Every structure is written in structure tokens, then in C-alpha cells.
Amino acid sequence: MDMISIPVVNMTPILPEIFLSVLAMVLLLLNVFSPSGKKSYLAYISFIGIAATAVLVGAGWGGHIESFSGAVILDNFATFFKMIFLLAAGLTVLISDQYMEREECNHGELYPLILFTVVGMMLMASGTDLMTIFLGLEVMSVSLYVLAGFNRNNKKSNEAGLKYFLLGAFSTGFLLYGMALTYGATGTTRVYKIASVVGQMTLPSANIMLLAGMLLMMTGFAFKIAAAPFHMWTPDVYEGAPTPMTAFMSAGPKAAGFAALLRILLVALPTLQIEWSQLLWVLAVLTMTVGNITALRQDNIKRMLAYSSIAHAGYALVGLVAGNGTGTAGILFYMLSYAFMNIGAFAIIILVSKKGETNGNVMDFAGLGFKRPLLAVAMTIFLFSLAGMPPTAGFIGKFYLFSGAVQKGYIWLAVIGVLNSAASVYYYLRVMVYMYMKEPTEEFEWTQVTAPVALALIISVAGSMIPGIVPSFILEFAQQAVKLI
Amino acid sequence: MHVLTEYPILTILIFLPLAGCLLLLPVWNCRVSARPIALGVALLELALSVWLYVSRQDLPGVQTKLPGYLLSQDAPWIPSFGIRYTLGLDGISLLMVMLTAFTFCMALLVSWNSIKEKTGLFLTLMLTMEAGIMGVFLALDLALFYLFWEVMLIPMFFMIGIWGHGRKIYSTIKFFLFTMFGSLLMLLAIIFLHLLHAQQTGLATFGLHDLLKTQLPADTQLWLFAAFFLAFAIKFPLFPLHTWLPDAHTDAPTAGSVVLAGLLLKTGSYGLIRFGYPLFPQAAQALTPLFYTLALISIIYASLVAFAQEDMKRLIAYSSIGHMGYVAIGIAAWQPVALSGSILQMASHGVTTGALFCLVGMLDERAHTREIAAFGGLWGNIPKYSFFFLLFSLASLGLPGLNNFVGEFLVLTGTMKKSPLVAALAFVGIVLTLIYTVRLVQEVLFQKERQPLPLADLSLREICILAAFAAVAVWMGIHPAPLLDLVHAPVQLLTGGGL
């Protein structure tokens, strides 16, 4: 019998994950020993921990280390995405405390769960083995199911948690089945090995097992990034989940889904690009159109942003269809700016809504523009960025994505994209109409802005504006990040 | 070296209003001190642009990359895309810059008392819009142009929505969506052109003067031109894309209408002259019959509809569509005389229609209605007002000696050389303009008195505004030579000098 060979393990690539996991467990312990109602300090510790992790991740920029015999990798691609996840988590932690106090569900488990989600997402970004990616996805998803249903006293939150869990479990099945078939077709789960095995096949596009595997994996990820027609869970879950978690879900896990999808399609299956890009073309058009058209009719602002987030996944898919340097770098840039603008917008929603998740309609923004001018200006910036108006980050992001598509000759896709973008302007404008052009229907106390929320808003406004005016440095990071894949 | 070339004067033109916004912040809620600051900034802009005009002969000109330009500026902005911050000023831009600076002074003055609420925000939006419009008239990098093109929309959206009347929200959203729809397709065309150029030469650029050298196959050119044309035709506006205009103009506050008619419409024609035609000459040639047809329909249709209007502001809005139709015909002819006429007509229309919107606004402030049927016999009642009303109405219908005549005359003369039929049909439009304008004047100024309340005649501020408009109108009508001279060189360059 052969000895089981123990590979040389270099821990460097997963240091941030280890650090965050340990921190999360320490927080869980601390939580047990701290009296209920005094959990705010956990938020501060998590924020500091996330910032420290960001430093740790940032230090790995430029490195290229494979470890666990090719199951995880430290490269710029992973680093860029990890930064997005940390950013999303950091902003979420900042806006969570005030909300959770108000909703009387400030349980200390929240922060460790957010950190575990980040660990899962990080593994998805750095995983170069289908199993690692799956592991990351499950760590992320299980934590998210709990987070979606975190407000135990609220029926809608419970519904969101359950719905997310059921549909998520279903999609995981698809994904795992796809991975199994891919393994069956290629004999390996390492993405780089899959690439070389598929590359040596005489006619990979005729290999039914491989194609089915690819299709099922894409379906699984389409669930996670909420691409139509696999988006049905999104509006209910986004509406029901506690608002900070909705913000987090729309930015972090979506980016993680794209990270894994990019890695699998572009690294493992580039030989099948013709096939998957055709499929994604249809998916992108459907996602953009369904998202935008349905968003037009929404009165509940969380639902509206849920559909808008579907549409945004569609724009990002346009970049993936292109599959070239510009398109993929565009996805990275877009996911980063989307995290800023969307979490910012949700932060404002938290401030406008009242206890028990009431007051969450577009109409409830009436008069905000003159009652709370600074908040309204911030919201205006987020909405214009979401709508893709220059000079915001959202504009540069779309510019980048659509440039990628035009470069590869997908002109009709780009045309459909910009027409969608024009239609989407309507529902973003509608919020502004209420903020600035209508009088409030009733007088009520606006929630005070606490220091962490203010910090989150400042970061989000800066992140939505600065990359729109001087995008070069982030663009260069994004371009370097996709160079290797 | 001239003192103007030592400073980045074009950048100052764009960013001075934005700096003015910062000055407004400390006095945000103090209407009395905010208004003079904003007006001061606008006057400074006007002074700068007039200074540019006066000293244009002394400017050395830009020798290297941009022939025919008086001043230019160039700096990298987003190097990874090849987007540059390129500004250039030639005679056409200078005329438009002067018109912009002038119109904003007037718009600020006319809203001096009528904007009573949220003045800080109003003035900030006005100045931001001035910056955006200046940028549109100065940008020579297509991506930069697009940026300003979109930026100028946002303040107008809020202006109509917050201070407008009637169905203001419907109108402002309609205005915004129409414009966005066209401009996004133009953005795609810009990207496509950029990529094609990069493919051909290896140079990633959005600079107009590099992109002019791109080799374009005929059908590609047609598609790209169509996208540009759509964006600009919506702004013009040409039939059948004009439906946003009557709503937006009618429901906007007076200052908003003045800026809309005076400047935003001009960005469409300017874009066509600066970018559309030079970039895609063959496609433009091929689409000339369509352009002629749409312009003629605009003229005749808008004039007929104007005749049927009961609301004065709506009538003037429709007359704008008609007048812009002449601008369109002049551009479509793409011939030096007609093009000079178009450019002059752009400025003239800005002045005349701006003044007419001011006049209607003043009447509305007094009587709280704009219905034609509500007025009559103003001539005996408020003579100063009526004098200006008559003057600008006459200017609008193209009385020789006043500004509009020169532009329309040149457009028709030039067009006559290229396509007599079009010119002949356009003459019909002039007659129609005459009919509805005379009806307006006759009903409102003469007839017997109908207004229920005694109206106050013009205040000193209002007289100053209208006198300024009148001075410009008369000057342009009697002595247009300096302005024609100003646009002569760029027009020759654009049309290739052939007559």
C-alpha cells in the first residue's frame, strides 16, 4: 500500500480566512459572557477585525501562491474580490448596530455570522478546486440563511430565511451535481487540471457529460447571483431580511458568485467559451430586462432595489459574455462600486424606515430632500450611481462592461443593455421625485444618524463618487487582477 | 503672449460656476445674500466670455493639433481608457459660450423674486447647469462631452420638478427619459468608434481630432451617425421626437424655460455641427433627405400647432420647435452660408425666445394665468411691457432689422443654392409663423381689455432684463457682421470651404 503523501502546505493564502474564523469564534464566546442588550462592542470589534483582515489581504497584492496542492490560490483576482467582501462586510457591520437595536434583535451572534459569511466568500474567490469553491459557498450560504431570518420576531424575516434556505439548498443541489458531472467527464476537480484535460479533448463541445456539468454549475451560480430566470427568491428574501443583511446579500454574495463563476468559466472551461457565452447572452438579456421591468412597478423600496439588483447582475453578466480583459475587469470594478452604492442606499433606507420594517415605501421618502438635506444628497448620489449617470462610479462601471461587449462584437447585447439602463432611470428618479418634489404625508421623527452609520455613509458616498471622477487607480487594480485568469 | 493664454481660461469658464456653488453653501438659507453671489458669478462668466470675444484677434491660435481653434487645453484624465480632458474654443464655441453666459445672467435676474423657496438649492442648480453647458460647448473629447451632456440634465430635472407648475413631475421625468434614451445610444456609438479607431491605429482615444481620421465603412458610418443623430434630434427637437418639449417648457419655472429654450436645445444642434457631421460625413450626406423632411415637418407642424394654443408659454414652446427647424435645415444643407445662418439662428433664437419666456413669466407673476384668452388691450394698460412684447414678437417672426431675420435669411439663401424646393417649403413656414405671432400680439396687446385685475407695469429690474435682451437682439439684427466674422473661419473649415 502506498503511503498517503502529505502535500507541503503553505498557509499564507488562507491566513485571512484563518484570522477571521478565529475572530468569529472569539466573538461567539464573548457574546455568551456579555449581558443581553449590550452587544454594540461586538460590532466595533468586528469592524476593527475586518479592517485588520483587509490590511492582511492587501499585503498579499501582487503575490501568486498556490497551496493545498492547487486547491486554493493567492492571486490578485482573489485579493481584489476579498477586498470587495471585506468592504461589504465592514459597511454592513457599521449600519447593523443601530438597526438591530431598533428592531430589538441585537443578538451577538450577528457579527460572527457575518464574519463566517466573509470566510466562505473568501474561499470561493481563492478556491481553485471545485470542492474548495463548494465548501466556501456552503459556509457562506448557511450563514446567510440564518442572517436572512435573523429578526425572529418578524414574520417576513422568518419567511425570508426559510425561503432562502429551501431555494438555496435546491440550487446547491444543481451546483453539486454539475460539479460531479464535470468530475466524471474530466477526472479531476482542480480547475487548472480541468482546463488542461478539456483542452486535450478532441471535441469537448460534443462531450455531453461535460456540457451537462457546465450547465448545471452555471444554473447553481445563477441562483446565487440572482440571474433570471433563477431570481424568484430574490425579491421576497431581500424584502423580508433585516435591511442591513439585504444590503450585505446584494453586494457580498453576489460578488462571490461572480468570482467563482469567473474562475470556473474562464480558467477551467475557456475551451467551451462559445457555448457558455451563448447561454450567458440569453441569461444576461433576461436578467436585465426582467429585473428592470419588474422594478418599474415596485412601491416597496427594498423590493425595488431587489429587482434593481437583479438587473445589475445582468449588466455584470454582459461583461462575462464578452469574457475578454475589458469585460472581466469591468465586472470586478462594477462589483466594487456596486457594493458602495447599494449598501449606501440601504443605509438610507434604514434611516427612513421605522421600527418593525414599516415605512419602507417609496412614498415614505416624501420630503426627505428638505427635512434631511444631507441624507437626501447622499441618496441622490447613490441613485444616480445605480442609474449609471456620470460622473459616478456606476457610470464608469457600465461604460467598462459595455465597452467589453462592443469590443467582442456583442453590439446588440450592449444596445439591449443601454436601453435597459435608460428604462431603469425611471424608478431611480421616482425616489428622487418623492424626496424633492413631494411634501411628506405625515410628520414623524426621523431616526438620528449614529456615528457608525455616518461613517458608512461617508465611505459609500466617497466610493460612489471618487471612482467616477478619477477611476484610473481602481481600473488598474482591476486590470491586473484579471490578467492571470 | 496674451494674458488669456497664460491661464487655463477654458477650465475657469467651466469650473467658476462650480466654485460659486461652494460660495453659496455658507449662505444656503439666506436668500438675500445668496442671490447676489450667484449673479456675481454669472456676471463674471459673462465678463470672461466677452473678454475672450474682444481679444480673440490677439490670441495666437492653436497651431499644433487643432487647426482653427483660438484656445485649447489638454490633459490626460482616464489614461486606461484613453480619455482626455480636451477643451477647445473656436468661433462657434465662443458664440455659444457668450450666449450661455448671457442667458444665465438673464435667467438669474428673471427669477430674482419669483423663486421664494429653497433659493439656495435653486441657485446651486443654476450654476451647476451653467458649468455643464459650458462644458458641452467646449469639450473636444467625446467621453468628456458625454459627461457634460449628462451632467447638465440633472439640475434641469430638479428645477422643473421642484419649482415648476402644473404637471411638473410628469414633464420632468419625460424630459429626462427622452434625453437619456437618446444619449445612451450615442454613448454606445462613441464607444464603438473609439474601439474601431483603436483597432485601426492602435491608439486608444476619444479625442475628436483623432477620431476624425478613422476609416469607416459606409454602413457602419450610417449606424453610428443614426445613434448620434437620435440623441441630437431629441434635443433639437425634431418631429416626431419633440413631444417632451412643450410639456417641459410649459411646466418649467421661467428661468428653466429660458435656459431650456436658450441653451439646452442648442446643445443638440451644436453637437450635430461639432461631432455628428464632421465624424460621419457620408452618412450625413445620405441621410440629408430625411433630415430635410423632418425639419420641414417640424416647422410646418409646430407652426400649425402653435396657432391652436391657448397657453402663451405652450405657444412659444411650439414656436421654438419651428425656429429650431430652420437651424436644422441650415445644418442639413451643410453649406457655408446656410451653416453660418444656422449658427446665428441658434444664438438669435436663444435671445428672442428667452426674452419671450421672460415676458410670459412676468405676466404670469402678475395675473397668475398664461391663457391668451384672459388678456387683451395690454397696450393701453401696461405700455412698457407691451412695447417689449411687441418687439420680441416681431423679432420672432423675422422682421428685418431684428436678430432672427439674419439667421433665417442666411439659412434660406444657403439652402436655396442646394435644394430650392426645401427652401421654398421653408418659406411657407415663415408665413405660418407670421400668422400665429400676429394672432398672439393682436389678442393680447390690442383688442379690448379682458384682464380682471389692473396690472402693474414693468419694474426697473424687469426693464433692465428686457432692455439687455433687446439690445442684443437689435445689435444682432442690424450689425451681424462681427458675429458672422466670428463663425466664418470654423464654418469654412467644417464645410471644406466650398460654396
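Everything numeric in this text was worked out from a predicted model, so none of it was measured.

### Focus: the overall build of chain B
Helices and strands together make up the secondary structure of chain B, namely 22 helices and 2 strands. Against the 2.2 N^0.38 benchmark of 23 Å for 499 residues, chain B shows a C-alpha radius of gyration of 22 Å, consistent with a compact globule. Buried positions account for 66% of the 499 residues belonging to chain B. Of all intrachain contacts in chain B linking residues separated by at least 6 positions in sequence, the fraction that spans at least 24 positions is 80%. When the accessible surface of chain B is split by element, carbon and sulfur atoms take 69% of a total near 16,500 Å². Across chain B, the centroid of the 25 positively charged side chains sits 3 Å from that of the 24 negatively charged ones.

### Side note on the overall build of chain A
Secondary structure summary: chain A contains 19 helices and 2 strands in total. A globule of 485 residues ought to have a C-alpha radius of gyration of about 23 Å, and chain A, at 21 Å, matches this closely. C-alpha extents for chain A along the principal axes are approximately 75 × 55 × 40 Å. By the burial criterion, 64% of the 485 residues in chain A qualify as buried. Sequence-distant contacts, at least 24 apart, represent 82% of the contacts inside chain A between residues at least 6 apart. Just so you have it, chain A exposes about 16,500 Å², and 69% of that area is on carbon and sulfur atoms. When the 25 basic and 23 acidic side-chain charges of chain A are each reduced to a single mean position, those positions are 3 Å apart.

### Remarks on the state of the cysteines
Residue and element names in this part refer to chain B. Counted according to the given criterion, the structure contains 0 disulfides over all chains. No disulfide involves Cys 30; its sulfur sits 17 Å from that of Cys 21, the nearest cysteine. Of the residues examined, Cys 30 reaches a relative accessible area of 34% and is grouped as partly exposed.

### Regarding the side chain of His 349 of chain B
With respect to the secondary-structure elements, His 349 of chain B resides in helix 16 (residues 336-367). Not counting residues within four places of it along the chain, the set of residues in contact with His 349 of chain B comprises Ala 261, Leu 265, Lys 266, Ser 320, His 323, Met 324, Gly 354 and Asn 404 of chain B.

### What about the confidence of the model for chain B?
Predicted confidence across chain B gives a mean pLDDT of 89, with 97% of residues reaching 70 or more. Taking the mean pLDDT of every element in chain B, the minimum, 71, falls on helix 1 (residues 3-6) of chain B and the maximum, 93, on helix 4 (residues 91-110) of chain B.

### Examining the pairing of strand 2 (residues 83-89) of chain B
As a general feature of sheets, a regular strand has side chains that alternate between the two faces. Residues and elements named next belong to chain B. Judged by how many residues are buried, strand 2 sits mostly within the fold: 6 of 7 residues are covered. In the sheet, strand 1 (residues 71-78) pairs with strand 2 via 7 bridges, with the strands oriented antiparallel. Its bridge partner lying in strand 2, Leu 71 is registered against Leu 89. Between the antiparallel neighbours strand 1 and strand 2 lie 4 residues, among them Gly 82 with a positive phi of about 80°.

### Concerning the environment of Ser 93 of chain B
Residue and element names in this part refer to chain B. By the secondary structure assignment, Ser 93 is in helix 4. By relative accessible area, Ser 93 is classed as buried at 0%. A C-alpha to C-alpha distance of 9.7 Å links Ser 93 and Pro 490, two positions 397 residues apart in sequence. Apart from residues lying up to four places away in sequence, Ser 93 is in contact with Gly 88, Phe 137, Leu 138, Tyr 270 and Arg 274.

### Details of the interface of chain A and chain B
Each side of the interface is counted separately: chain A has 36 residues, and chain B has 32 residues. Carbon and sulfur atoms supply 87% of the area that chain A and chain B bury against each other, a total of about 3,100 Å² over both sides. When residues of chain A are sorted by the area they lose upon contact with chain B, Met 389, Phe 399 and Met 437 of chain A head the list and together hold 20% of the total. Counting across the chain A and chain B interface gives 0 salt bridges. At the junction of chain A and chain B, the tally comes to 1 residue pair in polar contact (both at pLDDT 80 or more). Listing elements by their share of the side of chain A that touches chain B, those giving two or more residues are helix 15 (373-387), helix 16 (393-407), helix 17 (411-437), helix 18 (451-469) and helix 19 (472-483) of chain A. With 14 residues, the single largest contributor to the side of chain A that touches chain B is helix 17 of chain A.

### Things to note about the nonpolar core
Formed by 380 residues in total, the largest nonpolar core has its most connected members in Phe 81, Leu 269 and Phe 365 of chain A together with Phe 392 of chain B. For this core, the leading source of residues is helix 13 (residues 325-352) of chain A, giving 20 residues. Every residue in contact with Leu 269 of chain A, bar those within four places of it in the chain, is listed here: Ile 194, Val 198, Leu 210, Met 214, Met 217, Ile 264 and Trp 276 of chain A.

### Comments concerning helix 2 (residues 9-24) of chain B
Residues and elements named next belong to chain B. The end-to-end C-alpha distance of helix 2 is 22 Å, a good match for the 22 Å that 16 residues give at a rise of 1.5 Å each. Roughly 40° is the biggest bend found in helix 2, and it falls at Phe 15, with proline Pro 17 one to four residues downstream. Considered for burial, the residues of helix 2 that qualify are Ile 9, Leu 10, Thr 11, Leu 13, Ile 14, Leu 16, Pro 17, Gly 20, Cys 21 and Leu 24.

Reading the values: the criteria
- Residues numbered from 1 in each chain as written.
- Chains lettered and ligands numbered in written order.
- Predicted model: local features only at pLDDT ≥ 70, side-chain atom pairs only at ≥ 80, totals over all residues.
- Heavy atoms only, no water.
- Helix = DSSP H or I, 4+ residues; strand = E, 2+ residues; numbered from the N terminus.
- Rg over C-alpha atoms; globule rule 2.2 N^0.38 Å.
- Buried < 20%, exposed > 50% of the residue type's maximum accessible area, 1.4 Å probe, protein only.
- Contact = heavy atoms within 4.5 Å.
- Areas by Shrake-Rupley, 256 points an atom, 1.4 Å probe, with all protein chains shown as cover.
- Lys, Arg positive; Asp, Glu negative; His and termini not counted.
- Charge placed at Lys NZ, Arg CZ, Asp CG, Glu CD.
- Disulfide = S-S within 2.5 Å.
- pLDDT = per-residue confidence, 0-100.
- Pairing = 2+ DSSP bridges.
- Buried area = accessible area lost by both parts, 1.4 Å probe.
- Salt bridge = Lys/Arg side-chain N within 4 Å of Asp/Glu carboxyl O.
- Polar contact = N/O pair within 3.5 Å; in protein donor to acceptor, adjacent residues only side chain to side chain.
- Core = buried A, V, L, I, M, F, W, Y, C linked by side-chain atoms within 4.5 Å.
- Expected span 1.5 Å × (residues − 1).
- Bend = angle between axes of the 7 residues up to and from the residue.

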